[in-house]
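For reference, the chains in residue letters:
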Amino acid sequence: MISEKLKEKPIYIDYDRKIIFYKDIVNALKKSGIKKGDTIFVHVNLGAFGKLATIIDRSDFAHLYIQAFLDVIGPDGTVVTPTYSYSFCNEEIFDPLYTPSKVGLFSDEFRKSLDSYRSINPIFSVSAIGKEAKNLTGNLSKSCFGNGSIFDKMQAMNNSKYVVVGVGYFICSQVHYVEEYMNVPYRYKKTFHGKIRIENYEYKDLCEFYVRYLNKGVTTSFDKIEEHLLNKKLMKKIPLGQDFINTVKIKHICNEGSKMLKKDPHFFLKQPPSIK
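Predicted model, so just to flag it, every value in this text is computed and none were measured.

Participant: I'd like to hear about empty space enclosed by the protein, residue by residue, with values.
Facilitator: Inspection of every chain in the model, using the stated rule, returns one cavity of 30 Å³ or more. Together, Ser119, Ile120, Asn121, Phe124, Leu140, Ser141, Ser143, Cys144, Ser149 and Ile150 line the largest cavity. Here the residues of the lining of the largest cavity are counted per class, giving five nonpolar, five polar and no charged.

Dropping the structure here:
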């Protein structure tokens, strides 16, 4: 829990010299469609909304956002964030307690929070805080994106939403769940092996990742799904300082993404790949 004094400090100064406070972040999150009791999967870029003002401690900065999410969703809500480590891809031991996230400061500070739970996935782990945190991060399959994965659990919930905060463009791991569900022609299942360490115990394990074909021009793009969801008014894009907050129901990503893949199997790519 952060102090009320910290909440009152200026956080950013944007191009127009406007000062952004904690309350502005909370209001923008609410305007984007996040409600009490929601389960939200969040990507956060802490430096996107303007020049940093008076808060210089990295941990304080990250925890302001964690608290903002929790204030908006309330005690019945849950925040999930990627803490991807790619450990088995790099032949590294995965320790859910100590292996750092490789996807940014916010996610690494989030996983270190005392009230967070981290999934035991040695490639695409996530951490969660809130009412459903333990349930969402436990009893997962060996698949990164398929049946029994965190992304499968999220799409089955009625109140789950995908939230992209200040990344500069729409980014969406949930798309890979849709790709695997629809059996796209430019990806295939690959099994990775390695070791997992929990406290003083190490054991061998495996993980299944729906990888893209390399050297075949397979380049993911989320531009078309973002435009499609915005045009259908299924996604909200709310300005805050120098960037935006995007929020959309995960069911909309899965339903609309599946429909578009039926029309165009390369809908999630920049261009058709060189695969016969």
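Structure's up, so let's keep going.
Participant: Could you give me a rundown of helix H7 (residues 174-182), with the residues and numbers involved?
Facilitator: The buried fraction of H7 amounts to seven of the nine residues, a majority that puts the element mostly inside the structure. Buried residues along H7 sit against helix H6 (150-155), strand S8 (160-165), strand S9 (187-198), strand S10 (201-212) and helix H9 (250-263). Asn183 lies just past H7 and shows a positive phi near 55 degrees.

Participant: Explain the packing of aromatic side chains residue by residue, including any values.
Facilitator: Considering all chains together, one arrives at 19 aromatic pairs under this definition. When the centroid spacing of 6.2 Å and the interplanar angle of 50 degrees are considered together, the rings of Phe145 and Phe209 count as tilted. Of the two residues, Phe145 sits in the loop between helix H5 (133-137) and H6 while Phe209 sits in strand S10, which places them 64 residues apart along the sequence. Like Phe209, Phe145 is buried.

Participant: Kindly report on the sheet that holds strand S5 (residues 78-82), identifying the contributing residues and their values.
Facilitator: Taken together, seven strands build an open sheet; the order of strands is S6-S7-S5-S3-S8-S12-S11 and the sheet is mixed. For this open sheet the edge positions go to strand S6 (117-118) and strand S11 (235-240), each flanked by a neighbour on one side alone. Strand direction decides the pairing type here: S5 and strand S7 (residues 126-130), joined by five bridges, are antiparallel. Of the residues in S7, the one forming a bridge with Thr78 is Gly130.

Participant: So, the layout of surface pockets: which residues are in play, and what are the values?
Facilitator: Roughly 500 Å³ of internal volume is contained in the largest pocket. In terms of lining residues, the largest pocket is bounded by 23 residues, among which Tyr84, Tyr86, Ile171, Ser173 and His176 are the most central. Of all the elements in the fold, those that place two or more residues in the lining of the largest pocket are strand S3 (39-44), S5, helix H4 (105-111) and S10. The residue inventory of the lining of the largest pocket, partitioned by class, reads 15 nonpolar, six polar and two charged. What the second largest pocket holds in volume is close to 380 Å³. Lining of the second largest pocket is provided by 15 residues; of these, Asp95, Pro96, Leu97, Tyr98 and Arg118 occupy positions nearest its centre. Residue composition of the lining of the second largest pocket, by class: seven nonpolar, two polar and six charged.

Participant: Kindly report on H9, identifying the contributing residues and their values.
Facilitator: Compared with the 20 Å implied by 1.5 Å per residue over 14 residues, the 20 Å span of H9 between its first and last C-alpha is a close match. Buried within H9 we find Ile250, Ile253, Cys254, Glu256, Gly257, Ser258, Met260 and Leu261. Among the structural elements, H6, S8, H7, helix H8 (223-231) and strand S12 (243-249) are those in contact with the buried residues of H9.

Analysis parameters
Residues numbered from 1 in each chain as written. Predicted model: local features only at pLDDT ≥ 70, side-chain atom pairs only at ≥ 80, totals over all residues. Heavy atoms only, no water. 1 Å grid on protein atoms, 1.4 Å probe; cavity = no way out; pocket = protein on both sides within 12 Å on 5 of 7 lines; lining within 4 Å. Points joined across faces, edges and corners; volume = space filled by probe spheres on them. Nonpolar A, V, L, I, M, F, W, Y, C, P; charged D, E, K, R; others polar. Buried < 20%, exposed > 50% of the residue type's maximum accessible area, 1.4 Å probe, protein only. Helix = DSSP H or I, 4+ residues; strand = E, 2+ residues; numbered from the N terminus. Contact = heavy atoms within 4.5 Å. Phe/Tyr/Trp six-rings, centres within 6.5 Å; stacked < 30°, edge-to-face > 60°. Pairing = 2+ DSSP bridges. Expected span 1.5 Å × (residues − 1).

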